[in-house]
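Take a look at the letters that make up each chain.
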Amino acid sequence: VPLIQRQTNTARHDMNPLERLLSCRNKATHKRIAERLWESSSDANALCMLRNFAESDEFERIQSSSNDENASAEVEELSNIPQNKRRNRNDDRRRGRN
């Protein structure tokens, strides 16, 4: 199972730095990961850049601020979930069909 899909009960301090980085839910961390992937010249270079970031003071600061705001523990509600759970008889119809 890919790391991104795996649910783990492992404490964060028991994970290796790269696993902690990839399992972080903080948007600032996602932005930094994307920047490094974009700047990398190869797969090996990308992995090296992500490992360096995972072990950096910058990532530790992001995690600390994230923990302070409880952002890592919050789950965002999907915006496409209907507010009203009641279903109308026309809900199952596709647009343009009877």
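Up top you'll find the structure we're talking about.
Conventions and cut-offs
- Residues numbered from 1 in each chain as written.
- Predicted model: local features only at pLDDT ≥ 70, side-chain atom pairs only at ≥ 80, totals over all residues.
- Heavy atoms only, no water.
- Helix = DSSP H or I, 4+ residues; strand = E, 2+ residues; numbered from the N terminus.
- Contact = heavy atoms within 4.5 Å.
- Buried < 20%, exposed > 50% of the residue type's maximum accessible area, 1.4 Å probe, protein only.
- Salt bridge = Lys/Arg side-chain N within 4 Å of Asp/Glu carboxyl O.
- Core = buried A, V, L, I, M, F, W, Y, C linked by side-chain atoms within 4.5 Å.

The number of helices and strands found in the protein is four helices and zero strands. When the helices and strands of the protein are placed in sequence order, the string is α-α-α-α. Sequence-distant contacts in the protein: of pairs separated by 6 or more residues, those separated by 24 or more amount to 49%.

All right, on to the environment of L21 then. Note that L21 resides in helix α1 (residues 17-23). For L21, a relative accessible area of 0% corresponds to the buried category. A C-alpha to C-alpha distance of 8.1 Å links L21 and L50, two positions 29 residues apart in sequence. Excluding residues that lie within four positions of it along the chain, L21 makes contacts with T29, I33, L50, F53, A54 and F59.

Examined against the element boundaries, L47 turns out to sit in helix α3 (residues 43-54). Linking L47 and L18, residues 29 residues apart in sequence, is a C-alpha distance of 9.0 Å.

With the rule as written, the count across this model stands at three salt bridges. Where E58 meets R32, a salt bridge forms, and the shortest distance between an N and an O atom there is 2.9 Å. A residue pair is termed long-range when its members are at least 10 positions apart, and E58 in helix α4 (residues 57-68) and R32 in helix α2 (residues 27-39) qualify at 26 residues. Since its relative accessible area comes to 23%, R32 is described here as partly exposed. With a shortest N-O distance of 3.3 Å, E58 and R36 are connected by a salt bridge. Here the residue E58 occupies a position in helix α4, and R36 occupies one in helix α2, the gap between them amounting to 22 residues. Given the relative accessible area of 25%, E58 is considered partly exposed. Exposure remark for R36: the relative accessible area of 17% places this residue in the buried category. Through salt bridges with shared partners, a single ionic network connects R32, R36 and E58.

Moving on to the nonpolar core. Residues L18, L21, C24, I33, L50, F53, A54, F59 and I62 constitute the largest nonpolar core, which totals nine residues. At the level of elements, α1, α3 and α4 are the ones that each hand at least two residues to this core. Discounting residues that sit within four places of it in the chain, F53 has contacts with L21, T29, R32, R36, E58, F59 and I62.

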